[in-house]
Amino acid sequence: MRFLKKIKKLIKKSLLRAILAFFVSSIGMVFFFKFVPVPLTLTMLQQWVSGGELHYDWVPLENISKEMAIAVIASEDQLFPDHNGFDFKSIKKAIKSNTSSNKMRGGSTISQQTAKNVFLWQGRSWFRKGLETYFTFLIELFWSKKRILEVYLNVCETGPQIFGTEAASQIYFNKSAAKLTRKQAVRVAAILPSPRKWKATNPGAYVLKRITHIERQIRQLGGINYLKSINL
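Residues numbered from 1 in each chain as written. Predicted model: local features only at pLDDT ≥ 70, side-chain atom pairs only at ≥ 80, totals over all residues. Heavy atoms only, no water.

Engineer: Tell me about the confidence of the model for the protein chain, and please be specific about residues and values.
Structural biologist: Model confidence for the protein chain is summarised by a mean pLDDT of 90, while 91% of its residues fall at 70 or above. By mean pLDDT, helix 4 (residues 88–100) is the weakest element of the protein chain at 60, and helix 7 (residues 145–155) is the strongest at 98. (pLDDT = per-residue confidence, 0-100. Helix = DSSP H or I, 4+ residues; strand = E, 2+ residues; numbered from the N terminus.)

Okay, here's the thing in structure tokens:
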């Protein structure tokens, strides 16, 4: 009995240490990346291991066209300046849609996608979703909206082995992200839900519909003036 008690005590102590180490390291990483460019993500590493050259160039937000910023907000998360990381109405709609359809629909905000892209792996398990919620809370707590948007625009997947808007701009339009026009920015934003399947330079009928929809949403938001709400 004494032996079993010692084992239980040891396991409990080890578990508490592991939990404490996780919290300390995760908070440390989030605080670190508040100031430092993200060098690599698990998704990038996975694609690199699978074969193929990675295209990834980090640039500061000032070197990314504001048209790109408003394009992703109009396409992915129009409440981005106002929410605390979660759009509960969209989440409810996604849950309702997914229970009645085989086609999965996402309800993630830009903050949630950034948390997933930087700190986690791709997948749909409840465990990963729980970690995504935790990291979303942390980046909303420690980062500004500008920083979240900056990181998102740099690490989002924009094509096969292509990450971030700078690499996408160079490959698709032979120019820097700072010089993207609205039409070009919208084309990149339109393929973000499925960047390995859809094409920005030769879009199919469905992507063309998305492009038209995003352009309309940008106009309704007031264009790049909308970005003033996040001091951009």
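Now, onward.
Engineer: Please set out the sheet that holds strand 2 (residues 157–159) residue by residue, giving values where relevant.
Structural biologist: Across a sheet, paired strands are connected by hydrogen bonds in the backbone, their directions being either parallel or antiparallel. What the three strands build is an open sheet, ordered 1-3-2; its pairing is mixed. One side of each edge strand has no neighbouring strand; the edge strands of this open sheet are strand 1 (55–56) and strand 2. (Pairing = 2+ DSSP bridges.)

Engineer: Would you mind going over the environment of Leu232 in detail, with residue names and values included?
Structural biologist: Examined against the element boundaries, Leu232 turns out to sit in the segment after helix 10 (205–221). Placed 162 residues apart in sequence, Leu232 and Ile70 show a C-alpha to C-alpha distance of 10 Å.

Engineer: Pulling in residues and values, what's your account of the packing of aromatic side chains?
Structural biologist: Applying the stated criterion to the full structure yields 14 aromatic pairs. Relative to Phe135, the ring of Phe22 has its centre 6.4 Å away and its plane inclined at 85 degrees; by these criteria the two rings are edge-to-face. Residue Phe22 is located in helix 1 (residues 2–32), and its partner Phe135 is located in helix 6 (residues 126–142); the two are separated by 113 residues in the primary sequence. The interplanar angle of 70 degrees and the centroid separation of 5.3 Å between the aromatic rings of Tyr134 and Phe135 together place this pair among those described as edge-to-face. One aromatic cluster is present, built from ring pairs that chain together Phe22, Phe23, Phe32, Phe33, Phe119, Tyr134, Phe135 and Trp143. For the cation-ring pair, Lys145 lies above Phe80, with the distance from its terminal atom to the ring centre recorded as 4.7 Å. For Arg147, the ring lying beneath its charged end belongs to Trp143, and the centroid distance is 6.0 Å. (Phe/Tyr/Trp six-rings, centres within 6.5 Å; stacked < 30°, edge-to-face > 60°. Lys NZ or Arg CZ within 6 Å of the ring centre and 35° of its normal.)

Engineer: Would you mind going over the packing of helix 5 (residues 110–119) against helix 6 in detail, with residue names and values included?
Structural biologist: Closest axis-to-axis distance for the helix 5/helix 6 pair is 8 Å, and the angle between their directions is 110 degrees. As summarised for this structure, helix 5 and helix 6 are arranged roughly perpendicular, according to the angle between their axes. Taking contact as the criterion, the partners of Ser111, Gln112, Thr114, Ala115, Lys116 and Phe119 in helix 5 are, on helix 6, Arg128, Lys129, Glu132, Phe135, Thr136, Ile139 and Glu140. Residues belonging to the contact of helix 5 with helix 6 are distributed by class as follows: four nonpolar, four polar and five charged. (Axes fitted to C-alpha atoms, helices over the stretch in contact; angles between N-to-C directions. Parallel < 35°, antiparallel > 145°, perpendicular 65-115°, else oblique. Contact = heavy atoms within 4.5 Å. Nonpolar A, V, L, I, M, F, W, Y, C, P; charged D, E, K, R; others polar.)

Engineer: Provide a residue-level description of the environment of Val155, including the pertinent values.
Structural biologist: Relative to the elements of secondary structure, Val155 occurs in helix 7. For the pair Val155 and Pro37, spaced 118 residues apart in sequence, the C-alpha to C-alpha distance is 9.8 Å.

Engineer: Give a detailed account of the packing of helix 3 (residues 66–76) against helix 9 (residues 182–191), specifying residues and quantitative values.
Structural biologist: Their axes nearest at 8 Å, the elements helix 3 and helix 9 cross at an angle of 40 degrees. Between helix 3 and helix 9, the interaxial angle falls into the category oblique. In this structure, the crossing between helix 3 and helix 9 has a hand that is right-handed. Contact residues: helix 3 offers Glu67, Met68, Ala71, Val72, Ser75 and Glu76, while helix 9 offers Arg182, Ala185, Val186, Val188 and Ala189. (Left-handed = near helix turned anticlockwise from the far one by under 90°.)

Engineer: How would you summarise unusual backbone geometry if you had to cite specific residues and measurements?
Structural biologist: Backbone geometry at Asn174 places phi at a positive 55 degrees, although glycine is not the residue there. With respect to the helices and strands, Asn174 occurs in the loop between helix 8 (164–173) and helix 9. Overall, Asn174 belongs to the exposed group, its relative accessible area being 68%. The phi dihedral of Asn231 falls on the positive side, at around 60 degrees, and the residue is not glycine. As for its placement among the helices and strands, Asn231 is situated in the segment after helix 10. (Buried < 20%, exposed > 50% of the residue type's maximum accessible area, 1.4 Å probe, protein only.)

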